[in-house]
Every structure is written in structure tokens, then in C-alpha cells.
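Next come the chains, spelled out residue by residue.
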Amino acid sequence: MAEVTYLEAIRQALDEEMARDPSVVLIGEDIGVYGGAFKATEGLLARYGWERVIDTPISETAIIGAAVGMSYLGLRPVAEMQFMDFIACCFNQITNFAAKSHYRWGAPAPIVVRGPSGGGVHGGPFHSANPEMYFVHTPGLKVVCPATAHDAKGLLKSAIRDNNPVLFFEHKFLYRRIKEELPGEEYSVPLGKAAVRREGRDLTILSYGAMMYPSLDAAAELAREGIESEVIDLRTLLPLDRETILASVRKTNKLLVVHEDTRTGGIAGEIAAVVCDEAFGDLDGPIVRVTSPDTPVPYSPPLEEHFLPNAAGIVDAARRLAHY
Amino acid sequence: MAATREIGRNATSKGALTREQQLELYYFLRLNRTLEEQLTRLFRQNQVVGGLYLSLGQEAISVGTAYALGPGDWIAPMIRNVGALLVRGYKPRDILTQYMARYTSPTQGKDTTSHFGDLHVRHVVSPISMLGDLIPVMAGVAMGARYLGQKIVAMTWIGDGGTSTGAFHEGLNLAAVQRAPLVLVVENNQWAYSTPVARQVPLVDLADRARAYGIASSVVDGNDVLAVYRAAKEAVDHARRGDGPFLIEAKTMRMRGHAQHDAAAYVPKEMMEYWKARDPLLRFERHLTERRVWDARTKKALDARVERELAEDLTFAESSPFPPPESAEQGVYCEGCHEIAPVWQRPVAELQPPKSSVRPEWASFAGAFTAAAVSGNGARLSRAKSAPERRISPVRAAGAKSHPKSRAKSQPKAGR
């Protein structure tokens, strides 16, 4: 079985869902003839044609609006943001139109908005952001952030089949760096379920997206010092898998949350609140965050390196927490 | 007279309306007006728990345009399009309970005004308060329906102020490049809240917006229901034929403030007087009398029917409960509560490989290179080809069937 990149896993998910269900259509900028800025939709125009792979004007609001309109007819449009930074351009369509549709008047809007997010590729302030938390704060949406090729494919399939608007934050740093063997048979990964990536008893490291990898590297380093950390991949930020988080905290009694998103208003704050509400008595130490600082994502390599959390920083924080 | 529970209906191909249809138009106009008079009373009695937004003076646009649609067509009304909802088969009780925030309202108290819809029977998309956003959504409805093989038209409305939003331009542009069957009705009611149209748009005719997108357009006297109907029929036929989007500018006047709390002191008195003399309901009544479409008895019977239906629905609304508080937390997500199944009206095999690689006719212009297309001259030629300008002068738009006095007047320029 050949190894498949994270990017190819996404392309496979789109291809297989389009083959399975003619109600799945793609809409976005340069996704057809060009195959997408990162080639996530390469070959799909040739296979599925002009009616199912729709190149649009540079109009994020129109892309999401049209996707919502198509979904009202029972279609399942998958809209691409060329970079997730540009989702700011269609914030209103997502948060006011799509997210409130079912609550206000009972109209499901089964759309997926997918695209590359995250830093580490010297994209600068407008091609590197992690805008997921704007949407985690919006009832009616689901927010997914896969870390592995297996999950990217399986979660995207679930997102397409879901009856709600799902925002699917791919991590562009992982696109061609991650390679995995995928199951030969059809599979999907359910939304809203975290995955335990490494078991441990001394402390819990929660993360998602590209930060899973420095978190796992840190856990390996900590293990050499005799600190056994449990590493959990959130996979879905909304809805949050509280059960898995709480079960792990009740076992390890210490919690470290790592995210590439900036600090204030990041998911770590919400997770800390959930744990304090429901498992405060189980904690043997403060809940610790390792995150990016509260700045835009800078361009120059030394600046971006300083900005992004790394394994050494996670090890430091985990070591202090373990000895607390 | 046809039962009002039917959803829309097309007249003869030339757009002439039968006597029954004209009487039905009157019924909807009168129902729209009387319903909003009732809502004003309820507002004063604090029975309307939020704001009240009236379409007084603009009823002919909502009713006349929606009347040109067929049962399979889709609409997305704005806040002043109660008349379109009535034509589409909604009842006064739906509007009353929405404003009165009752559990029996179409949104069960979750939202107010005309903010409700129905995907399956009446094909109505609920508006949101952010102006212009319905245009890309309805472009998507038009594109999606075409994909499914449905020969439908999507219609939505926007005010003069709403044409300044980014969503208006993005949506219209996408619809235009897709040649989507979208009809956009621009209700130029002269005021965007307190800001006159001249400070919103540097154009005499808002229909000129259409030229930027190479789509067909017309201008119509929005206070003449028959002219509005004919303009809408032309636009709907155009879109249904596959000739792309159509923009209608209907010139009218908002005869109240932006909402009920707004006394509209900024509107010149003479402007109000000018338009009061052109009230769409009175004009249509005069037409029906002078053309002997009805007699006093018919009018009396129709008015009595409106009063009776409204009284029944008011009783229903007033006796309806408020929603149970805990329902505030329900319905955020669709988890198995709806079966989502598109209605295919073409063979699905056309949309799967290898047949799916065939480029449809409407997309055939995309990517074609011609030397003429990249020269300035070619650009003009191609626009003329893809977008026949169908300008209807206001004088002509008033039409042979409208009141002779209104026909004699040219389109007012008040407020500019």
C-alpha cells in the first residue's frame, strides 16, 4: 500500500465523495482548471466537469453565499478558501447566514468550507493565520482541524456528510510533509471525537493540527526523563470532546494545552474553564498553556520561528508542570 | 377567483392578466395594506415586541413581482416584501405571530418579521438583516437548481441602499458569469433609513448597476402593479430561457420611516405629498373601476374577505402562547431532524464520469479566446451580445392598462 500525503488524502476524500454522491459539488477560486493553489482539487474538473467543479470570481462572500443557496436545494457544496486567512472576507455569510439558518428557520445548510491554515511556511501575516476560534465562538458551526493524513480524509468525508456547516481547517505545513498508509477500504472518522495519540500517566498534553508533532516529540523527550505524558489530538474543536479531555485529566491530574493559534481567546482558555468546572478536584497543578504570542504571524524566518510554539518550549512547560 | 393557497401562477404568455387575476392582485394588495395597518395598531398596543417595518406605498412591487412566478420558483423576500409572502401562500397569521413572537409563528419565536421560509413547498429563503447577502445565496439557488435540472427562476429584492453593499456586487457578478436564472428587483424607495438615494448611489437609474455586469435590466414605475407584473414577467421569462440574470429597478417611495420608531422628519413634506397622490392601491382601484373590471359589489366582497381573514388570524395570533423558555436552547444544529435529498430532474448519470466532463452550454463562453474579446471594441461587442439592454422607459412602463393620468406623467425626480 503506497504512502499518501495529507494533501493527497484530502483530494481522495473529495474524489470519493463526489463519486459516491452527485449532490457533492466544489466551488472556489482556481480549483478547476488549475486544480487549486495547493492542488487539492487537481484532476477533479477533468473527472467531474464544469457543473461540479466551479471556478468563481475572487468573491469569498459570493462563494459562501452560493454554497449556502445550493445547500438549500439539498446539494452538499464544498467551498475552498484559497487560504483560510481569506475567510475573514465572508465572515458574515458564515456566521450570520449559514450558522443561524437552522436555528432561526429550520433550514439546514450542509456546506463545508475547507482550506489551508497555519504557519511555518513563511506566508506572512495574510497567508499563515489560524482563524478557527472566530468560528468556535459561533453556535451552529462545526470546526475541524485534522493533524494526520488518515484523519484529513476520514474527517473530510464526515464533514461532507454532516447536515451542518462545517469549517475544515487543513494545515498547510502538513500538506506535503506528512505521509501515511491509508486503509484500502472506505472509512470515515466521526466529528467531535478526540484521539489519544500516546498514553501516559503523569500529565496530559492536549493539542491539534500541526502542533501535534512537536507535542509528540516533546512527549518522547519527556519520557527519556521518566515523565510519561498522555498526548491527545482534539481533531474537532466544535463540538469539543469533553469526555475524552476530562477522562484524561482525571487520570493524569495535570493538563498542558498546546496550540499554534494565538493565546488570548484560544481553545486552551475554554478547555481550562471546562476542566475547572467539571474536574477541579482532580487537578494537581495549574492548567498550563503553550501557544503563539498575541501578535499577527510575522514573515521573516527568525520572527516566525520565535512566534511558533516548538518541542523545546513544550518540554520546558511540561517539565515544570510535572514537578509542580 | 382562484384560491389564494395556490402558489403564484403565470398569466398568458403576453403578460395580459384575466379579470380574475386582476381581482386577485387587488386582494393581495389590500391584504398587504390592511395587515400592516393592523400591525401598526398592535405596535401601539405593545403587542409587537420588537421593531415594525412597513411596506406602505411599496405593495405593488412585492405583489406584482411575486405574481409573475411559477410554483417551482424560489424567492427570498426582504423586510418590506410581506406582499410577496402572501402571494406565495403565507397567511396573515404567519406575519402576525412572527411580530408578536408567539410559539405558533413559522420560527416558533426564534426570529421576527419576514425572517422565515420554507425549503420544500413554498420555496422561500429567509432573509437576514445584513443587506445584499441574499443575492449570492439566491445566485446559488439558481445555480443549484439548474444543476439539478430544474427549470426554475430565483427572485430576490434589494433596496436602493442595499445596492451599495459588497455582497450585492459579488452576488450579481457571480450570477452574471454563471448566467444563472436570477431576477433581482431593486426597490428604489428613495431612502436608505435617513440617507437619500443621491447620497448612496451616483446614478439616476439604479438599473445602470446591471450594465457593469453585462446583464439585462429594466426600469419600472413601482407604484403601478400591472406594469410591475409585466416587467417581472419579462425578467422571469428571460431568466428561465437561460439568458442569464435580470435586474429590475422599481421606482417607488417609502411612505413611513425606516421602522415604526422613525418619524422620517428628514423627508420633505412635498415629496411625501407627491407620492401620496400616486398610492399604488388607489391607482389600481381606479384602474379596476375605469376599466370596469369590477363593480362596487365586487370590491365590497373582496374587502370584506380581507377583513374577515385578518380578524380570524388576529384571534389566532392573540390566543397563541409564547414559546417555552427552554426551547431557546433547541435547534442550533440539525442532527437527524431533516432528511436532505435533492430533487433531481435530470439523469444523475450525466453528472458522473465519463459524462460529467461535458461542458454545459451556459459555460461554453468561459475560457474561449478571441482577439476581439481582448480589445476594447470586442469587449463592447461581447456585452451587447450577452446582455441585451431592455430599458423600459417609465412612461412606457406605466403601460396601457394603468390609469391614464399616471401614464401622462413622467417619472418623478423627487428627492434628487
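Please read these numbers as outputs of a predicted model, since none were measured by experiment. Note that residues are indexed from 1 along each chain, following the sequence as it is written. Going through the entries in the order they are written, you letter the chains from A and number the ligands from 1. Reporting in this predicted model follows two pLDDT cut-offs: at least 70 for local features of residues, and 80 or more for side-chain atom pairs to be given and counted; totals over whole chains, interfaces and linings ignore these cut-offs and use all residues.

Draft legend 1. Focus on the domain arrangement of chain A. All names here are of chain A. Those domain boundaries reflect an automatic or database domain assignment. You can read the domains of chain A as domain 1 (3–181) and domain 2 (195–322). Just the C-alpha atoms count here: the centres of domain 1 and domain 2 sit 26 Å apart. Residues are defined as contacting one another if the C-beta atoms placed from their backbone atoms lie within 7 Å. Counting from both sides, the interface comprises 24 residues of domain 1 and, opposite them, 21 residues of domain 2. The helix and strand labels rest on DSSP assignments: H or I over at least four residues marks a helix, E over at least two residues marks a strand, and numbering proceeds from the N terminus. Listed by contribution, the elements that provide at least two residues to the side of domain 1 that touches domain 2 are helix 5 (132–136), strand 6 (142–144) and helix 6 (149–161). Gly falls in the polar group here, along with every residue not listed as nonpolar (Ala, Val, Leu, Ile, Met, Phe, Trp, Tyr, Cys, Pro) or charged (Asp, Glu, Lys, Arg). Taken together, the residues that form the side of domain 1 that touches domain 2 break down as 13 nonpolar, 8 polar and 3 charged.

Draft legend 2. Inspection of the nonpolar core at higher detail. We define a nonpolar core as a collection of buried residues of the types Ala, Val, Leu, Ile, Met, Phe, Trp, Tyr and Cys that are connected via C-beta atoms lying within 7 Å of each other. Note on burial: count the other C-beta atoms lying within 10 Å of the residue's C-beta; 20 or more is buried, 12 or fewer is exposed, in between is partly exposed, and C-beta positions come from the backbone. In this structure, A:Leu256, A:Ala318, B:Met138, B:Ala139, B:Val183 and B:Ile248 are the most contacted members of the largest nonpolar core, which totals 207 residues. A per-element tally of this core places helix 5 (residues 134–148) of chain B first, with 11 residues. Each of domain 1 (3–181) and domain 2 (195–322) of chain A contributes no fewer than three residues to this core. Sequence-distant contacts of B:Ile248, that is, excluding residues within four places in its chain, are made with B:Val183, B:Val185, B:Val186, B:Ser218, B:Val220, B:Ala231, B:Ala232 and B:Ala235.

Draft legend 3. The interface of chain B and chain A, seen in detail. On the side of chain A, 41 residues touch chain B, which itself brings 49 residues to the contact. Contributions of two or more residues to the side of chain B that touches chain A are made by helix 5 and helix 6 (166–178) of chain B. Taken together, the residues that form the side of chain B that touches chain A break down as 30 nonpolar, 14 polar and 5 charged.

Draft legend 4. Just the pairing of strand 4 (residues 76–80) of chain A, in detail. Residue and element names in this part refer to chain A. Burial within strand 4 is extensive, with 5 of its 5 residues counted as buried. With burial as the criterion, each face of strand 4 is covered, one bearing Arg76, Val78 and Glu80 and the other bearing Pro77 and Ala79. A pair of strands is considered paired only if DSSP assigns at least 2 bridges between the two. Sheet analysis places strand 2 (residues 24–28) next to strand 4, joined by 5 bridges and oriented parallel. Looking at strand 4, one finds that Val24 is bridged to Arg76. Pairing geometry for strand 4 and strand 5 (residues 112–117), over 3 bridges, is parallel. Of the residues in strand 5, the one forming a bridge with Glu80 is Arg114. Orienting the strands away from the viewer, one traces the path from the first strand over the helix to the second; a clockwise path indicates a right-handed crossover. Between the parallel pair strand 4 and strand 5, the chain is carried across by helix 4 (residues 91–105), and the sense of this crossover is right-handed.

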